Amino acid sequence: MKKQLTAAALLLALALCRTAARAGGGDAGDPLISRSYLEGAFSQSIAAAADSRADESGRTLRAAVRRRLEAMKEGFLATGQRTAAMNPGGTLSGSTGLSVTPLAGELTLTRGTAVDVTAGREIAAGEKLAVNHRCVVAEGSSAVFTAGSPVAAAYEGDGQARDAAGFPDCWGAARALRSLGLFRGTGSGVGEGLDLHLTLSRGEGLALFIRVLGEEDEAMAYTGTHPFTDVPSWLDRYAAWAYGRGYANGVAPTLFGSGRPISAAEFEELLLRALGYSTAGVDNYATSLERALECGALTAGEYELLREGPLLRAHAAYLSYYALETPAGGSGQTLAQRLEAGGAFTAGELADARAGVSAPRIR
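Bear in mind that the values here come from a model prediction, so they are computed numbers and not experimental data.

(A) Representation of the pattern of salt bridges within the structure. One pass over the full model with this rule turns up 14 salt bridges. A salt bridge links glutamate 127 to arginine 121; its shortest N-O distance comes to 2.5 Å. You can call arginine 121 partly exposed: its relative accessible area is 38%. The residue glutamate 204 makes a salt bridge to arginine 313 at a minimum N-O spacing of 3.3 Å.

(B) View of the side chain of histidine 315. Looking at where histidine 315 falls in the secondary structure, it is placed in helix H11 (residues 313-323). Judged by relative accessible area, which is 16%, histidine 315 ranks as buried. For histidine 315, the side chain forms a polar contact with the main-chain oxygen of proline 310, separated by 3.5 Å. Other than its neighbours up to four places away in sequence, histidine 315 contacts Leu305, Leu306 and Pro310.

(C) The nonpolar core, seen in detail. In this structure, Leu206 and Phe267 are the most contacted members of the largest nonpolar core, which totals 67 residues. Examining the composition of this core, we find that eight residues originate from one element, H11, more than from any other. Contact partners of leucine 206, with chain neighbours within four places excluded, come to Leu235, Tyr238, Ala239, Ala242, Ala248, Phe256 and Leu270. Of all hydrophobic cores here, the second largest spans 18 residues; its members include Met86, Val100, Leu107 and Leu129.

The rules we used
Residues numbered from 1 in each chain as written. Predicted model: local features only at pLDDT ≥ 70, side-chain atom pairs only at ≥ 80, totals over all residues. Heavy atoms only, no water. Salt bridge = Lys/Arg side-chain N within 4 Å of Asp/Glu carboxyl O. Buried < 20%, exposed > 50% of the residue type's maximum accessible area, 1.4 Å probe, protein only. Helix = DSSP H or I, 4+ residues; strand = E, 2+ residues; numbered from the N terminus. Polar contact = N/O pair within 3.5 Å; in protein donor to acceptor, adjacent residues only side chain to side chain. Contact = heavy atoms within 4.5 Å. Core = buried A, V, L, I, M, F, W, Y, C linked by side-chain atoms within 4.5 Å.

And the structure:
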């Protein structure tokens, strides 16, 4: 009798997976059920039902339940949806039926009425959308969603995404650097894996600095060591190269502070070193932004932007992209020309990369 009940319970659990997928069109083409719900309460409830009966006869069915759940998760952003990479100030607008699911970053409903389908409640104008919650523009309404930071979003329907004048094209800059081999993603799979909405760590900043110097190949081949105990394996060669060359100091004799957020002043100091306007001996970053403004590495608008909040990966990509156009100290070459001469990329590759940046530099 116990085995019969176990099998019946698991078959019911599998049926519930199918029923939940059908409810409201929750399949690969129309994933009404949100990722957060699948990975949260729903997965937990089904898993609890399966795991509460540990007899051998139910193992196959339990595996089928879990496979079904995983397939639903993988199909969450499958065909039928488009993705939008929105710069700060950018908007996504549409009328009744437009479905928007923010995957990363800060997205706010700035006009109209929408329903958070995942939470089952109405969203008021001025309210930020919850990440991984599917939101649908209400009947008889038109709505505008505005990015407060770099945003990655999935949407269905007749949505129109637009950038705002006066804001940097962070996505274009990051893609340009990536095409030149100077910027890499986190591998998260969200927002092209670039994760521009996240803060930049000291470790990531160091790696980007060494790439902008055009010394990554040398760093990867370097056999020297470093004293830092908090450096992950992917950063090890960068840290050893920087330590051996005297490029960067740790936060303590045996700590580099790899995972700590890097400040705007610290990152700009690294760019000044790459450009030849500073040296590794400078460890007081109080005037980094001012010195960058004075030598032309920063514009007045960028200087104000960096004083307003934390340094994001978006800011680092934007600053590094425009650092390529800055004349290097002590030479008539720009940083891009110096890297091109060193074989980091070709003039054609640089032109192609620049063609993808749609907004002008902040002045």
